[in-house]
Amino acid sequence: MEDSLSLHALPTWFAVLPDTDAAAAVATRALAHAAQGLRHPSGRPWLVGRWAPSSMVMGECRGTRIAVLGEHSVTAEAARRAAAAAEGTSLSALDRISATWTGSFHLVASSGGRVRVQGGVVGMRRVFFTSPTLPAAGRVSLASDRADVLAELVGAELDERRLALELLTLGVPHPLSGSPMWKGVHAQPGGHYLTLDCDGRAEETRWWSPPDPHLPLAEGAGHFREALTAAVATRTRGRDLVTADLGGLDSTAVCCAAARGDAKVAAYTAAIHDELGDDVYWARRTTEALGTIEHHIVPASDLAMTFDGIDTLDDLLDTPSILTVDRNRRMHIIALAAARGSRLHLTGLGGDELLAGAPARLHALMGTHPLTALRDLRGYTAKYQWSRWRVLRQLLDRRSYRAWLGRVARDLDAPPAPADEPLLDWSAPPRMPGWATPEAVEAVRELLRAHLPEAEPRGRGHGEHREMAAMDGISQWTRHIGQMAAPLGITVAAPYYDDRVIEAALAIRPQERITPWRYKPLIVEAMRGIVPEASRTRGTKANATFEEEAGLRRHRARLLALCEESRLARLGLVDVEVLREWCRRALSAETESYLLHATVACEVWLRSREMTPSRETTPSRTRPLTERER
């Protein structure tokens, strides 16, 4: 393991080991790079890695041990009570207990030779596990919060077919989205927990499903306000300083909720070059009305354009991320926050999917509230200038999600769907880019078809599926931002992705939460008395289209540099001459340049995995293992 990349360089990670002697060899490898470790009641290594001591709490009762890691307010006494409740129940009691905890966390439990590993309901707190068939793992499964950690512990090989899937424009469809890049390493679905048995097997169990959307907006907004403010307070409690994004309505709500606590709040607003971008105007209205927030406006000229630095990035991400193209732009404010002394930065990411919702909910609404559905359908059609014929065709399409995914596999090399395609299908159909080789296209087609038998929608019906799938995807991007920020010693917190916050929003009647006639009515109603009236009812949203188009022109040489000695070309996944010609073209940010994002992400990711760390990173907040722990 001397040449390990992630285990040497990562400031935070953990691995979970089964309670068996067969895991001794892989435990030794993990412990060689760990700064902390906990043991099973049997005395064998259980939970090892690197984490901030303040992020972890453990409770124990007789033969059961519980560990909670992340952004939470679980106390040692609460963890002990959870361990007591789970004692003798095969850990099933934790379904009910963990459903009352706020924050974003991993839950790991050990009892009677069985281990439970649980993340969140979307992609912020992920759980990965290995196949017991891998010889280097001792023929047992182990788990981690990072796929690359497992790959290095067990010597897993790169799965080139899975990497080819990442080339898809518009993202990888469920159930393959977010799956690892290595053979024998798997991802646990959101809302499930993993059980590691002492005989080496891993079993997934569903513990969460979306709530029944039955609450009226007036009542549901109160529950949502309580959930969101509790999520923010969980992060700010006990801190002297927190920083926050202050841009759109979603981040404004989070920032104002933070300002109600005792911590000093320093907010950052990014200006953009587009004169119609009004984030700065609304942020000033907010801070002037509150009078307690330290406000920093970052000039547009200080922020990187899209594609900046893509040929020199070295972030260690465990999957490719399309955020790579905007990495330097997004990380600028987080770096400023870290320099200000913040150890926690709040973001409004996640609000769009949760608060604006999916018009595809109209499928179900047609059957329950047809008049409301027809009214909203007219509104969406006019707002987005959809073709009435395409709207009708999608609404009348009753084919299953499995059938939709089969069409995606069939049409991988077809032209992209029109930019004005209605948003009423299971999802926008992804396509392979024009520079993908025939071999890459066929590999992706085979992979998608292989998963058709198990392909079920992420939620009940088109709308719930689109919302949950979108939260899965974008929460993974947010998780990548956290991985980029970790070396700076700062945590990036996204309260909208907390389980309790998601539940509170999805419990509201969709015809009241999602409408073309009002901008995000849930957050507007929920934030009465928290967000100043001067900005609570804002109905605009800025975008960075100019930054994309200008970035493409300014950084074209960096794009072309990635074509030189392309790693994707070496693997036979892209035709580098076609890609190079595309990079030389003038491209529209709305309809063309986004096609490059996934390919750039894969190329940069492959290059970053080749780099050798210059030194082992051990954060000052960790401590070395004691002799007893070793």
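Summarised in this report is the structure supplied together with it. Only a predicted model underlies this, so the values are computations on that prediction, with no experimental measurement involved.

Describing the overall build of the protein chain
- Along the backbone of the protein chain there are 26 helices and 17 strands.
- Expected size for 630 residues packed as a compact globule is a radius of gyration near 25 Å; at 24 Å, the protein chain falls within 12% of this value.
- Considering only C-alpha atoms, the protein chain reaches an extent of 65 × 55 × 50 Å along its principal axes.
- Within the protein chain, buried positions represent 59% of all 630 residues.
- The long-range fraction of contacts in the protein chain, counting pairs at least 24 apart against all pairs at least 6 apart in sequence, stands at 73%.
- With the model as given, the accessible surface of the protein chain reaches about 24,900 Å², and the carbon-plus-sulfur share is 51%.
- Charge centroids of the protein chain, computed over 77 positive and 78 negative side chains, lie 3 Å from each other.

Regarding the sheet that holds strand 12 (residues 202–206)
- With antiparallel pairing, 6 strands are arranged side by side in an open sheet as 4-5-6-7-11-12. Lying at the two open borders of the sheet, with one neighbouring strand each, are strand 4 (56–61) and strand 12. Put simply, the sheet's adjacent strands are angled 20° from each other on average, direction ignored.
- In the sheet, strand 7 (residues 114–118) pairs with strand 11 (residues 192–196) via 4 bridges, with the strands oriented antiparallel. Counted as the bridge partner of Arg116 is Thr195 from strand 11.
- Sitting on the sheet, helix 3 (residues 76–86) is in contact with strand 4 and strand 5 (64–72), with an inclination near 40° to strand 4.

Thoughts on the packing of helix 23 (residues 556–563) against helix 25 (residues 576–583)
- Where helix 23 meets helix 25, the closest approach of the two axes is 10 Å, and the angle between their N-to-C directions is 180°. Taken together, the axis directions place helix 23 and helix 25 in an arrangement best described as roughly antiparallel. Here helix 23 contributes Arg556, Leu559, Leu560 and Cys563 to the contact with helix 25, which in turn contributes Val576, Leu579, Arg580 and Cys583.
- Here the contact of helix 23 with helix 25 is composed, by residue class, of 6 nonpolar, no polar and 2 charged.

A look at the packing of helix 23 against helix 26 (residues 597–608)
- Running from N to C, helix 23 and helix 26 cross one another at 60°; their axes reach a closest spacing of 11 Å. Comparing their axes, helix 26 and helix 23 come out oblique. Of the two possible hands of crossing, helix 23 and helix 26 adopt the one that is left-handed. Here Leu559, Ala561 and Leu562 of helix 23 come into contact with helix 26, specifically with Val600, Glu603, Val604 and Arg607.
- Its residues assigned to classes, the contact of helix 23 with helix 26 shows 5 nonpolar, no polar and 2 charged.

Notes on the nonpolar core
- Counting 94 residues, the largest nonpolar core has Leu153, Met432, Leu448 and Leu596 as the members making the most contacts within it.
- Sorting elements by how many residues they give to this core places helix 5 (residues 147–154) first, with 6 residues.
- Counting 51 residues, the second largest nonpolar core, distinct from the first, contains Tyr193, Met471, Ala494 and Ile502.

Here we look at the packing of aromatic side chains
- One pass over the full model with this rule turns up 9 aromatic pairs.
- Ring geometry for Tyr380 versus Trp386: centroids 6.2 Å apart, planes at 20°, classification stacked. For the pair Tyr380 and Trp386, one class covers both residues: buried.
- One aromatic cluster is present, built from ring pairs that chain together Tyr380, Tyr384 and Trp386.
- Between the NZ or CZ atom of Arg116 and the centre of the ring of Tyr193, over which it lies, the distance is 3.6 Å.

Conventions used here
- Residues numbered from 1 in each chain as written.
- Predicted model: local features only at pLDDT ≥ 70, side-chain atom pairs only at ≥ 80, totals over all residues.
- Heavy atoms only, no water.
- Helix = DSSP H or I, 4+ residues; strand = E, 2+ residues; numbered from the N terminus.
- Rg over C-alpha atoms; globule rule 2.2 N^0.38 Å.
- Buried < 20%, exposed > 50% of the residue type's maximum accessible area, 1.4 Å probe, protein only.
- Contact = heavy atoms within 4.5 Å.
- Areas by Shrake-Rupley, 256 points an atom, 1.4 Å probe, with all protein chains shown as cover.
- Lys, Arg positive; Asp, Glu negative; His and termini not counted.
- Charge placed at Lys NZ, Arg CZ, Asp CG, Glu CD.
- Pairing = 2+ DSSP bridges.
- Axes fitted to C-alpha atoms, helices over the stretch in contact; angles between N-to-C directions.
- Parallel < 35°, antiparallel > 145°, perpendicular 65-115°, else oblique.
- Nonpolar A, V, L, I, M, F, W, Y, C, P; charged D, E, K, R; others polar.
- Left-handed = near helix turned anticlockwise from the far one by under 90°.
- Core = buried A, V, L, I, M, F, W, Y, C linked by side-chain atoms within 4.5 Å.
- Phe/Tyr/Trp six-rings, centres within 6.5 Å; stacked < 30°, edge-to-face > 60°.
- Lys NZ or Arg CZ within 6 Å of the ring centre and 35° of its normal.

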